[in-house]
Amino acid sequence: MDPRYARYPFFEGAREAVREAELSPAALVRDGAPAVERGRERVERALMEGTVASETPRRWDTDTEVLSYPIARILVSLIDTPAAVEKYAVAEAATARERFDVDFAADDDLGRAGRARASHGEVLREFDIADAVRPERAEPPGSERRGASSRREPTHYWVGLGSYLDLAEAGWGQRWRLVNREVAAGEVRVTAGGLSRLLEAAVERRVASGLPFEVRGSDGGDAIAAALAPAVADLRELLNDHDAAGRTPVDAVVPALFPPCMRTLLQRARDDGDLPTTAEFSLTSFLVALGMDGADVRRLLDADGDTAERIGTRVEYLAERDGTQYPPPSCATMKAYGDCVDPDDRCETISHPLSYYTDAVREAGDVRDWREAAGEG
Amino acid sequence: MEARTRTYLEGRFGDYYRRSGVSLPPAADRREWGHIPWSAGATTMVRHQSLLDLGDLDDFLHRTAPRHVYFSSARFADPGAGSMDEKGWQSADLVFDLDADHLPGVDPEETSYVEMLAACKGELLNLLDVLDDDFGFEETTVVFSGGRGYHVHVRDPEVRSLDSEARREIVDYVRAIDVDRDGLIGTQSHQGTTRRVLRRRGGWGARVHTRLVDLAETLREIEEDAALERLRELDGIGEGRAETILGQLRHNFDAIRAGNVEAGGPGTRILVDALAEETIDDETAPIDEPVTTDTKRLIRLPGSLHGGSGLVVTPLSRAEIQGFRPLSDAIPERFRGRDIRITVTEPGAVTFDGDTFSIQEGEQSVEECLGVFLMTRGRAEKRTE
């Protein structure tokens, strides 16, 4: 099977390929194929971690990855709660978006997509919006935004009005309201990150469509439901526990508990004063996500002069957007930029630097906020 | 309304439809049709009909001679089904309604019908400006409603599938509801520093920017005193600040044209805020929200007669809009050229067919179109000839 389908099993082509392979879910379940275990992991990670990426990606081959998707859909249908469907679709979409970002960046560097990667154009075509999206022509020199100098990828796109309204939701925040957009000649201007967000919504919609479906009702379906019953019971329980525990928001800033990538960037910023644009963006967006303001960030980075001013503006810019448009990069993106360094054991368990930090703080228990400590010193 | 009047109007509406050649909207067979007959109580609508139920439209209109005729903005799999669920919604035209009764700053008690319709046309032009320039819609039909306003039907494929929520975004855009005034200005990095610039590539930011550049151009050319006076008309700009701003506009014109609002210092920012208010006041259109967000609405059929005025629901080409005089140009030819006898029950001023005059109470002979107008508006009854 096309290795791209392992990364994007919700593509139409993947569905075709599964159909043509004549590997029925019933047979997979009956034979206890690896796709069943991976499918279960897919759902479990989606419900618990908000990602569907495997914790042990090397264990699974392409076919198993692809086939785990229909299995996961069966599991979600059997769990049969709106929360499960929503969390699952959101996680598939978030994972896809991270992979898109990595693929598009690679696409850019090599001039073409590798075998396992999807190009920007392919993804737009997959969701039938290729004709509705066009990159903005480069601005005259000197007016580029963040990151533009280090990548050839366009900083902005124009999206057809109908597609924009179809995908964007007013609930994403003020910035996404049409009235606050640059709209001209039937197109809406979005940043490259904004377009990513729209694609994520398109994935979420596709994944959620048709879920949950009726599994039981035929001999084959009843057999599948019976065989998966223990897994479904476990997942239901996990979902309940997880919802009961809730997500304790972490608002303490404890640099010692930052993931290795962020610790390294922080050290470099303090030592050298300046970081490359993408690295500086990664670090500041991470800090903003912890609720730090411009003054805090400048102080933590020991920044002064021009650097301090630039960072202040960047923080203001990121904070204004409630983090919806520029969330801090995931592990996949950090890796793509070569900023993932010295991963430790905890890194193996997460797919996002923020999850690393949240887990670390929760595990550490009683922590002292850097801002309080700094204030006394 | 007396029975004689009703019977008369029904007959004459039927005569109008004999030769009207009302054209069908696209996909007419997938729309729901509705009408209000003359006979029954004026508010009972016969709806949930498909074109199949009506048969040939011209013939149906001639035969039935309804008081009002409507078709759905939506297309359905089974338009004649009795419930929305059974109809099977497929898509809907995007419809805008401007009503002269609901214009900001226009008091319906104090303003004449003609003046209200004129004000409404101004708002229509604002609306079309946004639909054309910002949204780039290509399949738009403008219609005089035959009553108190204008309708615009948009049938571009990419908007037909939008749900109510998406349509509300369009309404809010046209009315600039919830526009984030601070957000009109964004940041842009420039050789290591950051600039604050108007988001001028489209949307309300672009409209404010156009106004700013126009103003700067004008002020550069006129006398100093006149320029200062123009600036002081704006909110938050006093004597001293006007001078500073004028100096900045003259010296930093290129920066301002590039959207840079920092070039002029804090004064420029205040100027932008004031111009934003002006832009929103002048360029929004007070469209009726529920009409646009309702994806199953029945809309008056272009080419039909409005039972509350006897005027034609008139489709207008873009070229016709500017010169269109609703109270003359929408009069059906069918009702011209012969007089009828009526009894005026509500005398007073009337503006009709390019004239304003006072009409006396009691029985008299008037041109039929005026008679129909007065009778449909409840100001007269039919007398025997």
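Residues numbered from 1 in each chain as written. Chains lettered and ligands numbered in written order. Predicted model: local features only at pLDDT ≥ 70, side-chain atom pairs only at ≥ 80, totals over all residues. Heavy atoms only, no water.

Novice: So what exactly am I meant to see when it comes to the domain arrangement of chain A here?
Specialist: When the parts come together, some accessible area is lost, and that loss is often what is quoted as the size of the interface. The domain boundaries assigned to chain A delineate domain 1 (3-137 + 149-208) and domain 2 (255-376). A C-alpha centroid distance of 26 Å is found between domain 1 of chain A and domain 2 of chain A. (Domains from an automatic or database assignment.)

Novice: How do you make sense of the nonpolar core when you look at a structure like this?
Specialist: A general feature of soluble globular proteins is that nonpolar side chains tend to end up buried together. Grouped together as the largest cluster of nonpolar side chains are 180 residues, with contacts concentrated most on Phe100(A) and Phe135(B). Broken down by element, this core gets its largest block of residues, ten residues, from helix α5 (residues 62-79) of chain A. Grouped together as the second largest cluster of nonpolar side chains are 36 residues, Val253(A), Leu257(A), Val288(A) and Val361(A) included. (Core = buried A, V, L, I, M, F, W, Y, C linked by side-chain atoms within 4.5 Å. Buried < 20%, exposed > 50% of the residue type's maximum accessible area, 1.4 Å probe, protein only. Helix = DSSP H or I, 4+ residues; strand = E, 2+ residues; numbered from the N terminus.)

Novice: Quick question: what am I supposed to make of unusual backbone geometry here?
Specialist: What you tend to see is this: most non-glycine residues have negative phi, and most peptide bonds are trans. Residues and elements named next belong to chain A. For the bond from leucine 211 to proline 212, the omega torsion is -10°, close enough to zero to count as cis. Summarising the element assignment, proline 212 is placed in the loop between α9 (192-208) and α10 (219-245). The backbone of glutamate 22 sits at a positive phi, close to 55°, despite the residue not being glycine. Here glutamate 22 shows up in the loop between α2 (12-20) and α3 (25-31).

Novice: What should I look at first to understand helix α3 (residues 57-64) of chain B in this one?
Specialist: Residue and element names in this part refer to chain B. Those residues of α3 that fall on the buried side of the exposure criterion are Leu57, Phe60, Leu61 and Thr64. When α3 is viewed along its axis, its buried side chains cluster within an angular range of 95° and face the same direction. Structurally, α3 contributes buried residues whose contacts are with α1 (3-18), β1 (33-36), β2 (46-49), α2 (51-54) and β3 (68-72). Taking the backbone nitrogen of aspartate 58 as reference, a side-chain oxygen 3.4 Å away marks aspartate 56 as the first, capping residue of α3. (Arc of directions from axis to C-beta. Contact = heavy atoms within 4.5 Å. Polar contact = N/O pair within 3.5 Å; in protein donor to acceptor, adjacent residues only side chain to side chain.)

Novice: Would you explain the sheet that holds strand β2 (residues 156-160) of chain A in this entry?
Specialist: Adjacent strands of a sheet pair through backbone hydrogen bonds, lying either parallel or antiparallel. Residues and elements named next belong to chain A. Spatially, the four strands line up as an open sheet ordered β1-β2-β4-β3, and their pairing is antiparallel. Edge positions in the sheet fall to β1 (133-135) and β3 (183-184), since each has one partner strand and no second. Relative to β2, β1 is paired through three bridges, and the arrangement is antiparallel. Along β2, the bridge assignment pairs arginine 134 with tryptophan 158. (Pairing = 2+ DSSP bridges.)

Novice: Which parts of the structure should I look at to understand the pairing of strand β14 (residues 348-352) of chain B?
Specialist: Taken residue by residue, a regular strand's side chains alternate between the two faces of the sheet. Two strands pair when backbone bridges link them, and β14(B) and strand β15 (residues 355-359) of chain B are joined in this way by five bridges, in the antiparallel orientation. Residue pairing for β15(B): Ala349(B) is matched across the bridge by Ser358(B).

Novice: It is not clear to me how the UniProt feature "binding site: [4Fe-4S] cluster" (unreviewed entry) in chain A should be interpreted in this structure. Could you clarify?
Specialist: Residue and element names in this part refer to chain A. UniProt annotation of "binding site: [4Fe-4S] cluster" (unreviewed entry) refers to Cys261, Cys331, Cys340 and Cys347 when read in the numbering used here. What stands out for the annotated residues spanning 87 residues is how close their C-alpha atoms remain, the widest pair being 10.0 Å apart. Within the fold, cysteine 331 resides in helix α15 (residues 331-336). Every residue in contact with cysteine 331, bar those within four places of it in the chain, is listed here: Ile350, Ser351, His352 and Pro353. Leaving out residues up to four positions away in the same chain, cysteine 340 has contacts with Cys261, Met334 and Lys335. (UniProt positions renumbered as here; feature names shortened; annotations may be inferred.)

Novice: What is the right way to look at the domain arrangement of chain B in this model?
Specialist: All names here are of chain B. Split into domains, chain B comes out as domain 1 (3-174 + 287-335), domain 2 (182-283) and domain 3 (336-385). The C-alpha-based centres of domain 1 and domain 2 are spaced at 41 Å. Facing the six residues of domain 1 at the interface are five residues of domain 2. Across the domain 1/domain 2 interface, buried area totals approximately 470 Å², and carbon plus sulfur atoms make up 31% of it. Measuring nitrogen to oxygen at the nearest pair gives 3.1 Å for the salt bridge that ties arginine 207 to aspartate 134. Counting residues per element, the ones that place at least two in the side of domain 1 that touches domain 2 are α5 (113-134) and α7 (164-175). Among the elements that take part in the side of domain 1 that touches domain 2, α5 stands out by supplying four residues, more than any other. The class makeup of the residues in the side of domain 1 that touches domain 2 is three nonpolar, one polar and two charged. (Buried area = accessible area lost by both parts, 1.4 Å probe. Salt bridge = Lys/Arg side-chain N within 4 Å of Asp/Glu carboxyl O. Nonpolar A, V, L, I, M, F, W, Y, C, P; charged D, E, K, R; others polar.)

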